[in-house]
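# An overview of the molecular structure
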Amino acid sequence: MLQTFAKPNADGQALLIEIAERFGLTARGYHRVMRVARTIAGLAGSEVVERAHIAEAASFRLAAGRGPSQPRKSRKAAAAAQPEKMAMANESSP
């Protein structure tokens, strides 16, 4: 359904592929960017998802620091990286 209603124009598709390769977006990340871009296009009154819509959607995703460049740390990895802070957090929690 997403491919039917959120098909980007040629410039938008090229940008999306470049973003996916550069930032290592997974298929899930790729589709999330497309869904947000479709929403932005709809709010702008556009029938077509354009390059600007994709750029704005990707900026939201990448500004949040999501993606393989900054993987989530498990609690165990965080404790190993900052043992003092984790010890204080464990003491304060019931």
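Residues numbered from 1 in each chain as written. Predicted model: local features only at pLDDT ≥ 70, side-chain atom pairs only at ≥ 80, totals over all residues. Heavy atoms only, no water.

### Quick notes on the overall build of the chain
A count of helices and strands for the chain gives six helices and zero strands. From first element to last, N terminus to C terminus, the chain shows the α and β order α-α-α-α-α-α. Residues counted as buried form 24% of the 94 residues belonging to the chain. Considering only intrachain contacts with a sequence separation of at least 6, the fraction spanning at least 24 residues in the chain is 54%. (Helix = DSSP H or I, 4+ residues; strand = E, 2+ residues; numbered from the N terminus. Buried < 20%, exposed > 50% of the residue type's maximum accessible area, 1.4 Å probe, protein only. Contact = heavy atoms within 4.5 Å.)

### Some remarks on the packing of helix H3 (residues 27-43) against helix H4 (residues 51-63)
The contact between H3 and H4 brings their axes to 8 Å, and the two run at 125°. Comparing their axes, H4 and H3 come out oblique. Every pair of crossing elements has a handedness; the one defined by H3 and H4 is right-handed. From H3, Gly29, Arg32, Val33, Met34, Val36, Ala37, Ile40 and Ala41 reach across to H4, where they touch His53, Ile54, Glu56, Ala57, Ala58, Phe60 and Arg61. Here the contact of H3 with H4 is composed, by residue class, of ten nonpolar, two polar and three charged. (Axes fitted to C-alpha atoms, helices over the stretch in contact; angles between N-to-C directions. Parallel < 35°, antiparallel > 145°, perpendicular 65-115°, else oblique. Left-handed = near helix turned anticlockwise from the far one by under 90°. Nonpolar A, V, L, I, M, F, W, Y, C, P; charged D, E, K, R; others polar.)

Note that every value here comes from positions in space, so none of it alone points to a role or purpose.
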